[in-house]
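Architecture and fold: a report
Take a look at the letters that make up each chain.
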Amino acid sequence: MSLPQLPPFFYQIFESLPRQGPGSSEATRKVWSLLPSVPRDAKILDVGCGSGTQTRDLAALTTGTITAVDIHQPFLDKVDAWVRKAGMAHRVKTICASMDALPFDKGSFDLIWSEGAIFIVGFEKGLNLWKPLLKKGGYMVVSDADWFEPNPPEELRKWWESEGYIPVPEEEMKERVKRTGLRLVATYRLPEAGWWDNYHVPMLALTAELRKIHGKDPGNAALLDAFEHEADMYRKYKRWYGYTFFVMQKV
Ligand SMILES: C[S@@+](CC[C@H](N)C(=O)[O-])C[C@H]1O[C@@H](n2cnc3c(N)ncnc32)[C@H](O)[C@@H]1O
């Protein structure tokens with residue numbers, strides 16, 4: 001399966017941000033607290049880790065080992081730089097690989113964690129692809145966008161579609177979990193601060209700066225417009241959608 005290629009300017013923007021999607025350390029810690037039990041020496045896989053904010057949070061929450069995977073090596077270089085600085089090489093390693101072809105044996109992990117990345121392969125497909133990598137009794141935690149309210153406004157639905165994504169209601173996401181055979185343990189909605197503080201606010205500051213340099217290049221300006229529009233959509237329609245964390249167990 002080939003996943004979409006993104007322009008270099010897109011990556012340049014995301015490499016400058018504290019994280020590459022909505023999320024927060026508070027939410028990571030909260031969701032961790034919803035896990036019934038994780039072994040002290042847990043083997044954890046962080047899929048689509050980006051520059052590793054949640055990887056660092058997970059490392060602080062556990063004494064286990066973490067394998068952080070992403071397709072974009074410059075993000076992993078940032079994780080590696082932190083690993084060296086923090087003296088964490090015995091507990092955290094990075095692997096550049098695609099989430100639809102993860103190079104691990106079946107039953108390798110106690111916990112698979114993925115924040116804001118499963119949409120790339122598709123929610124249900126991702127769960128089905130990653131489930132075999134879990135030990136029996138192991139947990140999977142993913143966050144993905146969904147509808148919080150029924151009948152979302154037309155403008156919002158059309159925008160999501162133009163982004164190549166068709167959200168479904170949270171209840172339908174739960175049905176999808178059920179179809180994979182994973183047991184749904186808990187759900188948690190990312191609070192609004194997780195959208196603004198680490199994502200839209202730094203993104204808007206960056207687009208304003210980059211516009212001074214790249215504003216005359218039509219392709220780059222269109223991308224900057226798109227990021228600003230994304231923040232506008234959230235400002236206007238945040239009650240209708242968001243990210244839900246799904247905490248699941250392989251039974
Ligand atoms: C929205 S970002 C989320 C990053 C991070 N988890 C966070 O919350 O800040 C999605 C991540 O998935 C990565 N990605 C994109 N396609 C991928 C693929 N095929 N396999 C693995 N990672 C991929 C991107 O490079 C990016 O780091």
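Everything below is about the structure printed above this text.
In this text the structure is predicted, and so the values were computed from the model without any measurement.

Rules used throughout
Residues numbered from 1 in each chain as written. Predicted model: local features only at pLDDT ≥ 70, side-chain atom pairs only at ≥ 80, totals over all residues. Heavy atoms only, no water. Phe/Tyr/Trp six-rings, centres within 6.5 Å; stacked < 30°, edge-to-face > 60°. Helix = DSSP H or I, 4+ residues; strand = E, 2+ residues; numbered from the N terminus. Buried < 20%, exposed > 50% of the residue type's maximum accessible area, 1.4 Å probe, protein only. Lys NZ or Arg CZ within 6 Å of the ring centre and 35° of its normal. Axes fitted to C-alpha atoms, helices over the stretch in contact; angles between N-to-C directions. Parallel < 35°, antiparallel > 145°, perpendicular 65-115°, else oblique. Left-handed = near helix turned anticlockwise from the far one by under 90°. Contact = heavy atoms within 4.5 Å. Nonpolar A, V, L, I, M, F, W, Y, C, P; charged D, E, K, R; others polar. Core = buried A, V, L, I, M, F, W, Y, C linked by side-chain atoms within 4.5 Å. Pairing = 2+ DSSP bridges.

Structural notes on the packing of aromatic side chains
Considering all chains together, one arrives at 18 aromatic pairs under this definition. Ring geometry for Trp195 and Tyr241: centres 5.8 Å apart, planes at 90°, overall edge-to-face. You can see Trp195 sitting in helix α8 (residues 192–214) and its partner Tyr241 sitting in strand β7 (residues 241–250), a full 46 residues away along the chain. For the pair shown, Trp195 and Tyr241 are each scored as buried. Taking 5.6 Å as the distance between ring centres and 65° as the angle between the ring planes, the aromatic pair formed by Trp196 and Tyr234 counts as edge-to-face. Of this pair, Trp196 sits in helix α8 while Tyr234 sits in helix α9 (residues 218–237), and the two are 38 residues apart along the sequence. Taking the relative accessible area as the measure of exposure, Tyr234 reaches 3% and is therefore buried. Counting every residue linked through ring pairs, the aromatic cluster contains Phe119, Trp159, Trp160, Tyr165, Trp195, Trp196, Tyr234, Tyr241 and Tyr243. Here the basic side chain of Arg189 rests over the ring of Phe148, its NZ or CZ set 3.9 Å away from the ring centre.

Some thoughts on the packing of helix α1 (residues 8–15) against α9
One way to put it is that α1 packs onto α9 with a least axis distance of 10 Å and a crossing angle of 45°. Classified by the interaxial angle, the pair formed by α1 and α9 is oblique. Here α1 and α9 pass one another in a crossing that is right-handed. On the side of α1, the interface is formed by Phe9, Phe10, Ile13 and Phe14, while α9 contributes Asn220, Leu223, Leu224 and Phe227. In the contact of α1 with α9, the residues fall into seven nonpolar, one polar and no charged.

Structural notes on the nonpolar core
One finds Leu35, Leu111, Trp113, Val141, Leu156, Trp160 and Tyr241 to be the most contacted residues of the largest nonpolar core, which totals 39 residues. If we ignore the near neighbours within four places in the chain, the residues touching Trp160 are Ala145, Trp147, Tyr165, Pro167 and Tyr241. Ala97, Leu133, Met140 and Met248 belong to the second-largest nonpolar core, a separate cluster that totals 25 residues.

Some details on the sheet that holds strand β2 (residues 65–70)
In spatial order, the strands read β3-β2-β1-β4-β5-β7-β6; together these seven strands make up an open sheet with mixed pairing. The sheet is open, and its two borders are formed by β3 (92–96) and β6 (182–189), each paired with just one other strand. Pairwise comparison of adjacent strand axes, ignoring direction, gives a mean angle of 20° for this sheet. For strand β4 (residues 109–115) and strand β5 (residues 134–147), the ladder comprises six bridges, and the chain directions are parallel. Its bridge partner being in β5, Glu115 is matched across the sheet by Ser143.

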